[in-house]
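# Architecture at a glance
Okay, here's what each chain looks like letter by letter:
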Amino acid sequence: MPLQPHSRRTSGGTTAAAAMEASRYGSPRAGRQVRGAASFRWSPPRTDSRGATSWTEADAGASRRPRLLAMALLSARLLIQRGRPKSDRLGKIRSLDLSGLNLLSEDLDPKLLSRLKQLQELDLSDNQLETLPADLGLPHLQVLHCDNNQLNNVTTLCQFRQLEELSLEGNPFLTVSDSLKVTFLLPELRKFNGKDASTTRSKAENLNRELTTRVAAHWKKFVATLSPEEQAEAQADFVKSAVKNVRYGPLSLSEFTQWRVRMISEELVASGGTHTHETDTTEGPHKATATQEPRARHVALRRPSDTPLSLSPEKRVCASPLGPVEGSPVGSDSGQLEPLHFLQCHSKNNSPSDLKTQLWACAFEPAWDEGQAGATSQTVATCGGEAVCVIDCQTGLVLHKYKVPGEEFFSVAWTALTVVTQAGHKKRWNVLAAAGLRGLVRLLHVQAGFCCGLIRGHRKAIATLCFSPTHETHLFTASYDKRIILWDIGTPNQDYEFQASHLLTLDTTSTPLRLCPVAPCPDAYLLAGCEGGCCCWDVRLDQPQKRRVCEVKFVFSKDSEASGQRVDGLAFVNEDVVASKGSGPGTICLWSWSQTWQGRGSQPTVAVVVLARLQWSPTILAYFSLSTCPDKGLVLCGDEEGNVWIYDVRPLLAQCSPPQAAVQAPTQILKWPQPQALGQMVTKTMVNTVVANPAFTYLTALTDSNIVAIWRRCEP
């Protein structure tokens, strides 16, 4: 397959279309005309045909109705006033609108509401409800709207067994796990958040079948060494053991899977270990059909023997080969890397023929239990074109998708915040920042499915961004307007909105491409790889100047021509060693921060202390971003052929001898496995960025041909 033109990798300037975009937005990345940015409205999240949360930016206006400041206590008179059809008897009302009354959960009086014997439709939107009472007594309720509340639990919905339509949009503490719970609790549900509920139900059923199998296997293992008398006494212990040890699916669904494991385990114990139900829901009309369009299109792959791997129904169109590998496995205990998923989830208009959208950046979500030893994440955010996707690497499911028509996203970054609800409860939020062509930063609460902040501060496109590793609310943004800005995004207010404050402005002499807080002192210094080289700024907030220039410029050669070459890859391997790329063709440079800084003196330009040079592709093309996996001592980088270069630099850095003069070969090269798309093999592509999770169990690569490639490390 011929390579698509790469709008940012030209040796003689940009195309005419790109030049037009550069003049309007200040970015040479874009190659198509885009609408200008004005004011925005955030439409509620939707569930797509595969059950992923999907939400889109609209163009203007406000997204929420105003809430009443005074609480209206419920009374029979109020219900009659707001009920339909008009009647003086509560038992005759079939539709009731209680929206916008600022109601709290305790205001829903079961004794009063249970008199609505014929009620079929109830609107409780735009209130302050944290939960619904478990005994409202509405046996004929078919439609329920609870948008824009504070709900944090859906289990009480099981009382509405006849419910056919449910809307829970705008509840910031409900997650995709709650969406799956709903399909188990409401067997007659047809529409959920305005979408067909069958696909969410199908995903829940697939998870439930696997969990049922795993709980049954755990039961056999658990009772194998117990006598019949001991089995009876150990039943409660089995439920606890199953909840603790039975795992399946992405971490973002752990609340749902543990909830179901407990239910399945209790059912198994009640039956004496002889029976489990796969699902509490009916099939037939709820079952997903084969004609439904997937949000993320798996690219077909074949082993050399044309024998597909064993895959779940969600991945039935994808078979992954053991792609060719050069070199030895990374580390003696690492195991082989095998291709797992190849997805087209950034397609323009969801077109399966889109093999042109360029994908630029990805980042793994922070682990939810970072205090636990070995905790790691398998959820990755990717960006490119007009979409940001959140993907579970284990299953290949696109959990969330966020689109902005006319935008082109260049960078994403995660942070973990602790927020306090209006009721005083502490909640953890993993917030995703995304930015690109329009020069705006969007703060996304992807678990709940909405955008909770918009930062405007740059006149041109934002090339990259990153959060401070020590201050969870501090965000650096770097733009084609040749400025780097440090923001404090703060924590969301009672309406779950961010109000960012501007802390510092750092001026650059060329476009900043990569940002890297200095590992041993991230609160003091920031490194940036720029079109004109590698620069360093003092970012200490106790200094009076709020606008600063580059303090030191690092050079990689005494050659004056080489000293100004771009640095398009930059990351710390450990607390001292920096990996950088772009200063010389065909190599990645490892250099010491501490030794370089000690020899700085008062010089504005300092030559780095090189520890080693790593062999890389001899291409003259630019903007292949490198990354590191500090816990494993790895450096990762893609190339113009679709390959992934992997370097285990621990043995190299452990040597006490002087720096190696010879260029060091990679530990391993993962060859592009040539997936099939549109009936033909994608034989060649550019891998723009490669990122691994901290435990190096999953590796994600983004390409120029709209393919997200995911590898999994197999245990040795």
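The rules behind these values
Residues numbered from 1 in each chain as written. Predicted model: local features only at pLDDT ≥ 70, side-chain atom pairs only at ≥ 80, totals over all residues. Heavy atoms only, no water. UniProt positions renumbered as here; feature names shortened; annotations may be inferred. Salt bridge = Lys/Arg side-chain N within 4 Å of Asp/Glu carboxyl O. Helix = DSSP H or I, 4+ residues; strand = E, 2+ residues; numbered from the N terminus. Buried < 20%, exposed > 50% of the residue type's maximum accessible area, 1.4 Å probe, protein only. Core = buried A, V, L, I, M, F, W, Y, C linked by side-chain atoms within 4.5 Å. Domains from an automatic or database assignment. Contact = heavy atoms within 4.5 Å. Pairing = 2+ DSSP bridges. Axes fitted to C-alpha atoms, helices over the stretch in contact; angles between N-to-C directions. Disulfide = S-S within 2.5 Å.

Going by the annotation in an unreviewed UniProt entry, the name recorded for the protein is Leucine-rich repeat and WD repeat-containing protein 1, with Muntiacus reevesi given as the source organism. Entered under Sequence similarities (unreviewed entry) in the UniProt record, the comment concerning the protein runs "Belongs to the LRWD1 family."

Our next topic: the pattern of salt bridges. Per the counting criterion, the structure on display carries 15 salt bridges. We note a salt bridge from Arg190 to Glu164, for which the minimum N-O separation is 3.2 Å. Residue Arg190 is found in the loop between α4 (176-185) and β9 (191-192), and its partner Glu164 is found in the loop between β7 (143-145) and β8 (165-167); the two are separated by 26 residues along the sequence. For Glu164, a relative accessible area of 26% corresponds to the partly exposed category. In this structure, the salt-bridge partner of Glu641 is Lys684, at a minimum N-O distance of 3.7 Å. Remark: Lys684 occurs in the loop between β41 (680-681) and β42 (687-692) and Glu641 occurs in the loop between β37 (634-638) and β38 (644-648); sequence separation between them is 43 residues. According to the relative accessible area criterion, Lys684 is partly exposed, its value standing at 34%.

This brings us to the nonpolar core. Most often, soluble globular proteins have nonpolar side chains that are buried together. Judged by nonpolar contacts, the single largest core of 59 residues is most densely connected at Leu144, Leu157, Leu166 and Leu168. Elements represented by at least two residues in this core include exactly α2 (76-82), α3 (110-113), α4, α5 (198-223), α7 (235-245) and α8 (254-270). Both domains that meet at this core, namely domain 1 (76-193) and domain 2 (201-269), each give it at least three residues. Setting aside residues no more than four positions away along its own chain, Leu166 makes contact with Leu144, Leu157, Val182, Leu186, Leu189, Lys191, Phe192 and Asn193. Membership of the second largest hydrophobic core comes to 23 residues, among which are Val419, Phe450, Ile455 and Ile462.

Bringing the sheet that holds strand β35 (residues 609-615) into the picture now. Within the open sheet, the four strands sit side by side as β31-β32-β33-β35. Their pairing is antiparallel. A strand with exactly one partner marks an edge of an open sheet, and here the two such strands are β31 (569-572) and β35. Averaged over all adjacent pairs, the angle separating strand axes in this sheet is 20°, with direction ignored. Sheet analysis places β31 next to strand β32 (residues 577-581), joined by four bridges and oriented antiparallel. The residue bridging Gly569 from the neighbouring strand is Lys581, located in β32.

Our focus in this paragraph is the state of the cysteines. Here, disulfide denotes a covalent bond that connects the sulfur atoms of two cysteines. Enumeration over the complete set of coordinates arrives at zero disulfides. Just so you know, Cys452 is unpaired, no disulfide at all, and the nearest cysteine sulfur is the one on Cys451, 6.2 Å from it. Of the residues examined, Cys452 reaches a relative accessible area of 4% and is grouped as buried. With no disulfide of its own, Cys521 lies closest to Cys536 among cysteine sulfurs, the gap being 7.9 Å. On the accessibility criterion, Cys521 (24% relative accessible area) is partly exposed.

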